[in-house]
Amino acid sequence: MFAYPGQEEMLRDIEREVAYTRHEIGRDAFAPRVMAAMAAVPREEFVPESGRHRAFANGPLPIGHGQTISQPYIVALMTDLLAPRRQDSVLEIGTGSGYQAAVLAQLVRQVHSVEIIAALATAAGQRLGRLGYDNVSVRHADGYHGWPEHAPYDGIIVTAAAPRVPPPLVEQLKPGARLVIPVGLPGSVQELQVVEKHADGAIATRNILLVAFVPLTRAPAGSVQG
Ligand code: SAH
């Protein structure tokens, strides 16, 4: 069942951390299809050569340009909170290595992912293509503005911390859809929040867990094109 050495242990570590945090996250287990996606994506392909021996450890790893690939437990948690369905079109802000996008690609029809660092966007796009994730499109842009051309989305995941929820992302949610985002100031811990847009357009926010993400940076207007 496990094509990659270490992957089985990674899944056990995720399950253990779910057990430690079950009161905060309000669940005893993640959806089986989320865990199946975690089992299916070869994490070692998304980390630099120097970090391969730690590819399945339950921690973040550097991916260059001062950025990190998130801890597997956090990737699984954010994916579970998004509650993705097979027919969904979802948006990710912060492509990084492309790992979270690949996990989502196992679960939904289409993933759109936006990355502000050109070199990471290019590398992730090529990596995802090489690994056969042909339902992921990557754009180099400032994700604060979302990706309006493909909106509205069934779900949005932001994998960098913002001081406040960017209003364009809430606008790009379908009614009934949700946004999973770490909210807080850089250099401190942030609240992982789930922001739901109800059918009548009302917005409800829940705090889930304290997390530590790299900051959502902002491009000067006009400096980054898609
Ligand atoms: N999801 C990634 C890890 C994210 S690290 C993975 O699975 O590997 C956060 C990423 O967000 C970094 O690559 C960073 O460059 C990117 N980022 C930061 N600010 C951004 C912005 N305004 N728009 C798009 N991407 C941004």
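Our structure is the block above this text.
Note that the coordinates shown come from a computational prediction; the quantities given were computed from them, not determined experimentally.

Asker: Whenever I open this one, the nonpolar core confuses me. Can you help?
Answerer: Nonpolar side chains in soluble globular proteins tend to end up buried together. Counting 50 residues, the largest nonpolar core has I14, F30, M38, Y73 and Y99 as the members making the most contacts within it. Among the secondary structure elements, those contributing two or more residues to this core are α1 (7-20), α3 (32-40), β1 (61-64), α4 (72-82), α5 (99-105), α6 (118-130), β8 (190-197) and β9 (203-211). Broken down by element, this core gets its largest block of residues, eight residues, from α4. Residues in contact with Y99, not counting those within four places in the same chain, are M10, M38, V41, R43, F46, I69 and V75. Ranked by size, the runner-up nonpolar core spans 19 residues in total, among them I93, L173, L179 and V195.

Asker: Explanation requested: α6 in the structure shown.
Answerer: Along an α-helix, residues three or four apart share an orientation, since each turn contains 3.6 residues. The end-to-end C-alpha separation of α6 is 18 Å, in line with the 18 Å expected for 13 residues at 1.5 Å each. Listed as buried for α6 are L120, A121, A124, R127 and L128. One side of α6 carries all its buried residues, which in axial view fall inside an arc of 135°. Seen from the open side of α6, the exposed residues pointing more than 90 degrees away from its buried face are Q126 and R130. Here the buried face of α6 lies against β1, β2 (67-69), α5, β4 (110-115) and β5 (136-140). Backbone geometry just after α6 places G132 at a positive phi near 90°.

Asker: Sorry, what's going on with the packing of α1 against α3 here?
Answerer: Geometrically, a packed helix pair is captured by the angle between its two axes and the distance between the axes. Close contact between α1 and α3 brings their axes to 9 Å; oriented N to C, the two are set at 145°. Seen from above, α1 lies across α3 with right-handed handedness. Between α1 and α3, the residues in contact are Q7, M10, L11, I14 and E15 and M35, M38, A39 and A40, respectively. Across the contact of α1 with α3, the residue classes tally to seven nonpolar, one polar and one charged.

Asker: What exactly am I supposed to notice about the sheet that holds β8 here?
Answerer: Two pairing modes exist for strands in a sheet, parallel and antiparallel, and in both the strands are linked by backbone hydrogen bonds. Read from one edge to the other, the open sheet built from seven strands follows the order β5-β4-β3-β6-β7-β8-β9, with strand pairing classed as mixed. Looking at the sheet topology across the chains shown, the edges are occupied by β5 and β9. The mean inter-strand angle of the sheet, taken between neighbouring strand axes irrespective of direction, is 15°. Sheet topology places strand β7 (residues 173-183) next to β8; six bridges connect them, and they run antiparallel. When the sheet's bridge partners are listed, P182 is paired in β8 with L192.

Asker: I'm lost on the packing of aromatic side chains in this one. Help?
Answerer: Two aromatic rings are characterised by how far apart their centres lie and by the angle between their planes. Scanning all chains against the criterion turns up two aromatic pairs. Here the aromatic rings of F46 and Y99 are separated by 5.6 Å at their centres, their planes lie at 65°, and the arrangement is edge-to-face. With a gap of 53 residues between them, F46 in the loop between α3 and β1 and Y99 in helix α5 connect regions that are remote in the sequence. With respect to burial, F46 and Y99 carry one shared label: buried. A cation over an aromatic ring shows up here: R43 above the ring of Y99, its NZ or CZ 5.3 Å from the ring centre.

Asker: In this structure, what is going on with the site of the ligand? I would like to understand it.
Answerer: Neighbouring the ligand are 26 residues; S97, E115, D142, G143 and T217 lie closest to it. One of the backbone nitrogen or oxygen atoms of Q100 is found 3.0 Å away from an oxygen atom of the ligand. Note that an oxygen atom of the ligand is positioned 2.6 Å from one of the side-chain N or O atoms of E115. Within the complex, the protein chains bury 99% of what would otherwise be the 580 Å² of accessible surface of the ligand. The leading source of residues in the shell around the ligand is β2, at three residues. Grouping the constituent residues of the shell around the ligand by class yields twelve nonpolar, eleven polar and three charged.

Conventions we followed
Residues numbered from 1 in each chain as written. Predicted model: local features only at pLDDT ≥ 70, side-chain atom pairs only at ≥ 80, totals over all residues. Heavy atoms only, no water. Core = buried A, V, L, I, M, F, W, Y, C linked by side-chain atoms within 4.5 Å. Buried < 20%, exposed > 50% of the residue type's maximum accessible area, 1.4 Å probe, protein only. Helix = DSSP H or I, 4+ residues; strand = E, 2+ residues; numbered from the N terminus. Contact = heavy atoms within 4.5 Å. Expected span 1.5 Å × (residues − 1). Arc of directions from axis to C-beta. Axes fitted to C-alpha atoms, helices over the stretch in contact; angles between N-to-C directions. Left-handed = near helix turned anticlockwise from the far one by under 90°. Nonpolar A, V, L, I, M, F, W, Y, C, P; charged D, E, K, R; others polar. Pairing = 2+ DSSP bridges. Phe/Tyr/Trp six-rings, centres within 6.5 Å; stacked < 30°, edge-to-face > 60°. Lys NZ or Arg CZ within 6 Å of the ring centre and 35° of its normal. Near = heavy atom within 4 Å. Polar contact = N/O pair within 3.5 Å; in protein donor to acceptor, adjacent residues only side chain to side chain. Areas by Shrake-Rupley, 256 points an atom, 1.4 Å probe, with all protein chains shown as cover.

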